[in-house]
Amino acid sequence: MTTLRSAAGQWQLNRYPVRSHDPLQAWDAADELLHDILAQRDDQHPLLVNDQFGALLLPLAGLPVASQADSYVSHCAWYANLASNQLPDTLQPLSPLDSVPAATDVVYIKIPKSQSLLEFQLAKLAAELSPGTQLFAAAKSKLFTPTVRALFDQYCTDVDVSLMQRKCRTLSAKLRSTPIYTEQFVSTWQVPEFNLSLQHHAGVFARNQLDIGARFMLSNMPPSGAERVIDLGCGNGVLGLRYAQLSPASQITWVDESFLAIASTRANIEQNLTSALAATTEHYKAQVDDCLAQQHDHSCDLILCNPPFHQEHAVTEHIARQMFRDSKRVLRKNGELWVVANRHLPYYQPLKRLFKQVHQVAQNSKFVILKARG
């Protein structure tokens, strides 16, 4: 376990899920700068936004605190770190689509990587909280771009940005009262060559166009006929949607750690899969999960995966490797994992250590598709 020491106190804080010899830290200097602020305040009903592993939650444990994040893994981390520090659970967990508590008297927000997600979050706060509610934000200095500052000016008053400290800055502001038009945060576009119409909530990967890795996979899909299929790390759900077109009898589950990705996928299932089967929850379903933690052993015949190689601002392969391990557990005998990835990512050897057979299905100048079996 690693120890977080700050002006607000001292706690044991881990990333989630816990990995031995994890080279990545569960907090950063921006969290510590927000600790400096909250240590001087007497907040009664705080709201936390984008607290990745609980660095902001732990000093406020015991208060009626609400915490909002798009990541289901973050939600798991909050409870794990509360428990490991033997702190009371008075937490109200929220997804980005949930309404925030009206009693909120202060907001602490870690600025996310996605500007579309940041704008959606600020718009909801300005629409749902009392005007003048105090807001504090923090991030690495490089994220305080003119566009980001303009977003805070749009939804807040009295915006003040600090000088740089430890390569980070904080921002103090008060929320305006601004109505929200939810539809402006949902983008829609077509993929005519595959007869798909895709909707995306803010912050979802490849929000405005089909990403080129997924497009390559769509042109090199596995044969139809798998009984049970999982689209792992589904994003907008496009791989599973295409397989459903090719193999209508297959039962398909879409899995992602992002609440907004799953909301997008559910909308896309309804939009694109209009058969009677699509209306049954047993046949097509989408759910948040930490990789495949909630899936039963030996329960699936085919897994489609376009794995991420970053977690917010951290570039990392550990999520892909966890996906591969979980896939090995969940696949039935002779089941297959199909992975599309950038050519430079070293996925062949980790797959080879887990599976008896690993073959290259296709490649182009940027991507490779690997099939793992056994």
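Looking at an unreviewed UniProt entry, the protein chain carries the name 16S rRNA G1207 methylase RsmC, with the source organism given as Pseudidiomarina woesei.

Draft legend 1. A look at the domain arrangement of the protein chain. Domain annotation for the protein chain reports domain 1 (2–182) and domain 2 (186–373). Using C-alpha coordinates to define each centre, domain 1 is positioned 30 Å away from domain 2. If you look at the interface, domain 1 gives 25 residues, while domain 2 gives 22 residues. Interface area, domain 1 with domain 2, both sides summed: about 1,900 Å², of which 61% is carbon and sulfur. When residues of domain 1 are sorted by the area they lose upon contact with domain 2, Asp 70, Tyr 72 and Lys 113 head the list and together hold 30% of the total. At the junction of domain 1 with domain 2, the criterion picks out zero salt bridges. Run the count over domain 1 and domain 2 and you get seven residue pairs in polar contact (both at pLDDT 80 or more). When residues of the side of domain 1 that touches domain 2 are traced back to their parent elements, those giving at least two are helix H2 (72–84) and helix H3 (115–128).

Draft legend 2. The arrangement of helix H6 (residues 238–246) in detail. With seven of nine residues buried, H6 is to be regarded as a mostly interior element. Turning to H6, its buried residues number three or more, namely Val 238, Leu 239, Gly 240, Leu 241, Arg 242, Tyr 243 and Ala 244.

Draft legend 3. Representation of the side chain of Lys 124 in the model. You can see Lys 124 is positioned in helix H3. When sequence neighbours within four positions are dropped, the list of residues in contact with Lys 124 reads Pro 96, Leu 97, Asp 98, Ser 99 and Ile 180.

Draft legend 4. Inspection of the sheet that holds strand E19 (residues 357–363) at higher detail. Reading across from one edge, E14-E13-E12-E15-E18-E20-E19 is the order of the seven strands in this open sheet, with mixed pairing throughout. The open sheet is flanked by strand E14 (284–288) and E19, the only strands paired with a single partner. Taken over all neighbouring pairs, the strand axes of this sheet differ in orientation by 20° on average, direction set aside. Pairing of E19 with strand E20 (residues 367–373) involves six bridges; the strand directions are antiparallel. Looking at E20, one finds that Gln 360 is bridged to Leu 370. Packing of helix H7 (residues 259–272) onto the sheet brings it into contact with strand E13 (251–256) and E14, and relative to E14 it is tilted by some 170°. Packing of helix H8 (residues 318–330) onto the sheet brings it into contact with strand E12 (228–232), strand E15 (300–305) and strand E18 (331–342), and relative to E18 it is tilted by some 160°.

Draft legend 5. Structural context of helix H4 (residues 146–155). The set of residues buried in H4 consists of Val 148, Leu 151, Phe 152 and Tyr 155. Seen along its axis, H4 keeps its buried residues to an arc of 95°; they face one direction. Where the residues of H4 are buried, they touch H3, strand E7 (134–140), strand E8 (156–161) and strand E9 (168–175).

Draft legend 6. Inspection of the pairing of E13 at higher detail. Most of E13 is tucked away, with five of its six residues classed as buried. Looking at chain direction, E12 and E13 are connected through five bridges and run parallel. Bridge pairing in E13 places Ile 230 opposite Thr 253. Pairing between E13 and E14: five bridges, direction parallel. Paired with Val 255 across the bridge in E14 is Gln 287.

Draft legend 7. Looking closely at unusual backbone geometry. Cis rather than trans, the peptide bond between Tyr 16 and Pro 17 has omega equal to -10°. Topologically, Pro 17 is positioned in the loop between strand E2 (9–12) and helix H1 (29–38). Phi is positive for Lys 167, which is not a glycine, with a value near 65°. With respect to the helices and strands, the residue Lys 167 is situated in the loop between E8 and E9.

Draft legend 8. Broad picture of the environment of Phe 152. By secondary structure assignment, the location of Phe 152 is in helix H4. Classification of Phe 152 as buried rests on a relative accessible area of 0%. Excluding its chain neighbours within four sequence positions, the residues that come into contact with Phe 152 are Ile 111, Leu 118, Leu 122, Leu 135, Ala 137, Val 159 and Leu 171.

Draft legend 9. Spatial organisation of the sheet that holds E7. Spatially, E5-E4-E3-E6-E7-E9-E8 is the arrangement adopted by the seven strands of the open sheet, whose pairing is mixed. The sheet is open, and its two edges are formed by strand E5 (91–94) and E8, each paired on a single side. Sheet twist, expressed as the average angle between the axes of neighbouring strands with direction ignored, equals 20°. The sheet contacts of H1 involve strand E6 (106–110), E7 and E9, and relative to E6 the element is tilted by about 165°. Across the face of the sheet, H2 comes into contact with strand E4 (65–68) and E5 while running at roughly 170° to E5.

Draft legend 10. Spatial organisation of the pattern of salt bridges. Inspection of the entire model under this criterion finds 13 salt bridges. Note that Lys 110 and Asp 31 form a salt bridge whose closest N and O atoms lie 3.2 Å from each other. With Lys 110 in strand E6 and Asp 31 in helix H1, this residue pair connects regions lying 79 residues apart in the sequence. The closest approach of N and O atoms between Asp 297 and Arg 329, which form a salt bridge, is 2.7 Å. Remark: Arg 329 occurs in helix H8 and Asp 297 occurs in the loop between E14 and E15; sequence separation between them is 32 residues. Residue classification places Asp 297 among the partly exposed positions, given a relative accessible area of 44%.

The rules behind these values
Residues numbered from 1 in each chain as written. Predicted model: local features only at pLDDT ≥ 70, side-chain atom pairs only at ≥ 80, totals over all residues. Heavy atoms only, no water. Domains from an automatic or database assignment. Contact = heavy atoms within 4.5 Å. Buried area = accessible area lost by both parts, 1.4 Å probe. Salt bridge = Lys/Arg side-chain N within 4 Å of Asp/Glu carboxyl O. Polar contact = N/O pair within 3.5 Å; in protein donor to acceptor, adjacent residues only side chain to side chain. Helix = DSSP H or I, 4+ residues; strand = E, 2+ residues; numbered from the N terminus. Buried < 20%, exposed > 50% of the residue type's maximum accessible area, 1.4 Å probe, protein only. Pairing = 2+ DSSP bridges. Axes fitted to C-alpha atoms, helices over the stretch in contact; angles between N-to-C directions. Arc of directions from axis to C-beta.

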